[in-house]
Amino acid sequence: MEKRVVLITGCSSGIGLGLAVLLASDTCSRFKVYATMRDLSKKERLLECVRDCHIDTFEILQMDVTDQQSVMATVEKIKEQRVDILICNAGVGLMGPLECHTYDAMKNIFDVNLFGTISTIQAFLPGMKKRKKGRIIISSSVGGLQGVPFNDVYCASKFAVEGFCESLAIVLQHFNVHVSLIECGPVSTNFMDNLQRLDPSDSSLQSVDSDTISLYAQYLQHCKTIFQDVAQDMDEILQVYLEAIEAPVPSLRYFTTQFFMPLIKLKLSCASGSEYVQAMHKFVFSETKPKE
Ligand SMILES: NC(=O)c1ccc[n+]([C@@H]2O[C@H](COP(=O)([O-])OP(=O)(O)OC[C@H]3O[C@@H](n4cnc5c(N)ncnc54)[C@H](OP(=O)(O)O)[C@@H]3O)[C@@H](O)[C@H]2O)c1
């Protein structure tokens, strides 16, 4: 059976690394995986996990999604191969009161999460359209569907990814190219450690009013509880990606958890948005579980 060629971005850690290992170790060798990462000095962990994989099923390539030359160099390197499944997974977070974020920090979030995703898809889409076949899978987030306090810029970038993908999916139907967004809630990866997060004691918060600092401290506590109570294991998450890869006709959205569904449904059913804002405020600042 011909292998399906998969290219994944952001494979140095977390979901990207897990996916690369899962697909490269497939017992029926159904995939050839190109695991890409921006910094090849981080490849040891991945190499350790795929020790037994053959070059036929696994290769690591350098690719920084914010660097056009690096993206095009990857297209060039594998041009003899078609990419059947493109997984845009690279992403970064930013947390804290808005007035403390620097312009560069905010721009970096959009450069990686939005423009990195767009330029990766732009680079590999012509081949898929030509062959009238392909799958594009994106590591999105429930934060791409609902606003989350103190994650304004991160959510904005993921909302933008959602709008981009939903729009693109309509045209790509004509080309038998399917777009799927994986709506992750909290996942036990290093994402929280890797994101740029301000701590209440941080000097850059000194100029922020005390009410905001106090709300932010409450949010961090809520976040800790949520991660402790509902963060999903990697294996659970990877099965959802596999579902999108294997489905005869994949959906536009896959939810990895039902936990946030009441809030998402409330948002979709009350067009004014006020109900959602109130419910999210209550959930974060005075409850631990979203109400049905
Ligand atoms: N974990 C969660 O709770 C959660 C929840 C919802 C959505 N997600 C989404 O899931 C995706 C993966 O996150 P994760 O949890 O696996 O976190 P992670 O372990 O921090 O992985 C993020 C990956 O993105 C890479 N990356 C960052 N900037 C890049 C760039 N310019 N070019 C290429 N790669 C770059 C990182 O590489 P470096 O090692 O070089 O930084 C790393 O490999 C992200 O899109 C995130 O928004 C995660």
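Residues numbered from 1 in each chain as written. Predicted model: local features only at pLDDT ≥ 70, side-chain atom pairs only at ≥ 80, totals over all residues. Heavy atoms only, no water.

Q: Mind showing me how you'd approach the site of the ligand here?
A: Surveying the vicinity of the ligand reveals 30 residues, the closest of which are Ser 12, Ser 13, Arg 38, Tyr 154 and Thr 189. Taking Ser 13, its side chain carries an N or O atom lying 2.7 Å from an oxygen atom of the ligand. Side-chain polar atom of Asn 194 to an oxygen atom of the ligand: 2.8 Å apart, as the coordinates give it. A total of 890 Å² of accessible area belongs to the ligand in isolation, and the protein chains cover 95% of it. Residue assignment for the shell around the ligand shows that the elements contributing at least two residues are α1 (14-24), α5 (152-172) and α6 (191-194). Within the shell around the ligand, the residues separate by chemical class into 13 nonpolar, 13 polar and four charged. (Near = heavy atom within 4 Å. Polar contact = N/O pair within 3.5 Å; in protein donor to acceptor, adjacent residues only side chain to side chain. Areas by Shrake-Rupley, 256 points an atom, 1.4 Å probe, with all protein chains shown as cover. Helix = DSSP H or I, 4+ residues; strand = E, 2+ residues; numbered from the N terminus. Nonpolar A, V, L, I, M, F, W, Y, C, P; charged D, E, K, R; others polar.)

Q: How should I be thinking about the UniProt feature "binding site: substrate" (unreviewed entry) in the protein chain in this particular structure?
A: UniProt's feature table lists "binding site: substrate" (unreviewed entry) at Ser 141, given in the numbering used throughout. Looking at where Ser 141 falls in the secondary structure, it is placed in the loop between β6 (134-139) and α5. Given the relative accessible area of 9%, Ser 141 is considered buried. The residues contacting Ser 141, other than those within four sequence positions of it, are Tyr 154, Lys 158, Glu 162, Ile 182, Glu 183 and Cys 184. One polar contact links the side chain of Ser 141 to the main-chain amide nitrogen of Gly 143, over a distance of 2.9 Å. (UniProt positions renumbered as here; feature names shortened; annotations may be inferred. Buried < 20%, exposed > 50% of the residue type's maximum accessible area, 1.4 Å probe, protein only. Contact = heavy atoms within 4.5 Å.)

Q: Even after reading the chapter, I still don't get the packing of helix α7 (residues 210-230) against helix α10 (residues 274-286), so can you show me in this structure?
A: Between two packed helices, what matters for the description is the angle formed by their axes and the separation of those axes. Where α7 meets α10, the closest approach of the two axes is 8 Å, and the angle between their N-to-C directions is 80 degrees. On the basis of their axis angle, the class for α7 and α10 is roughly perpendicular. Facing Leu 215, Gln 218, Tyr 219, His 222 and Ile 226 of α7, the residues of α10 in contact are Phe 283, Val 284 and Phe 285. (Axes fitted to C-alpha atoms, helices over the stretch in contact; angles between N-to-C directions. Parallel < 35°, antiparallel > 145°, perpendicular 65-115°, else oblique.)

Q: Explanation requested: the pairing of β6 in the structure shown.
A: Side chains on a regular strand alternate between the two faces of the sheet. Counted residue by residue, β6 has six buried out of six residues, so it is predominantly covered. Here β6 shows no split at all, with Gly 134, Ile 136 and Ile 138 on one side and Arg 135, Ile 137 and Ser 139 on the other all buried. Pairing of strand β4 (residues 85-88) with β6, which is carried by four bridges, proceeds in the parallel orientation. The residue bridging Leu 86 from the neighbouring strand is Ile 136, located in β6. (Pairing = 2+ DSSP bridges.)

Q: I tried to follow the packing of aromatic side chains on my own but got confused; where do I start?
A: Geometry of an aromatic ring pair is reported as the spacing of the ring centres plus the angle between the planes. Going through the model one piece at a time under the given rule, you end up with five aromatic pairs. Between Phe 150 and Tyr 219 the ring centres are 5.9 Å apart and the planes differ by 45 degrees, which places this aromatic pair in the tilted class. With Phe 150 in the loop between β6 and α5 and Tyr 219 in helix α7, this residue pair connects regions lying 69 residues apart in the sequence. For the pair shown, Phe 150 and Tyr 219 are each scored as buried. Ring geometry for Tyr 154 versus Phe 191: centroids 5.7 Å apart, planes at 55 degrees, classification tilted. Of the two residues, Tyr 154 is situated in helix α5 and Phe 191 in helix α6; the sequence distance between them amounts to 37 residues. When its relative accessible area of 28% is taken as the criterion, Phe 191 is described as partly exposed. Every member of this aromatic cluster is reached through a ring pair, and the members are Phe 150, Tyr 216 and Tyr 219. (Phe/Tyr/Trp six-rings, centres within 6.5 Å; stacked < 30°, edge-to-face > 60°.)

Q: What exactly am I supposed to notice about the pattern of salt bridges here?
A: As a working rule, side chains carrying opposite charge can pair if their charged atoms are close by. All chains considered together, the criterion is met by 11 salt bridges. Here Glu 76 makes a salt bridge to Lys 79, at a shortest N to O gap of 2.7 Å. Residue classification places Lys 79 among the exposed residues on the basis of a relative accessible area of 53%. Asp 84 is paired through a salt bridge with Arg 82; the nearest N and O atoms lie 2.9 Å apart. (Salt bridge = Lys/Arg side-chain N within 4 Å of Asp/Glu carboxyl O.)

Q: Whenever I open this one, the layout of surface pockets confuses me. Can you help?
A: Which parts of space are left empty comes out when a probe the size of a water molecule is rolled across the atoms. Empty space within the second largest pocket amounts to approximately 270 Å³. Lining the second largest pocket are Glu 2, Lys 3, Arg 4, Arg 82, Asp 84, Ile 85, Lys 133, Gly 134, Arg 135, Asn 176, His 178 and Pro 248. When the residues that make up the lining of the second largest pocket are grouped by side-chain class, the tally is two nonpolar, three polar and seven charged. (1 Å grid on protein atoms, 1.4 Å probe; cavity = no way out; pocket = protein on both sides within 12 Å on 5 of 7 lines; lining within 4 Å. Points joined across faces, edges and corners; volume = space filled by probe spheres on them.)

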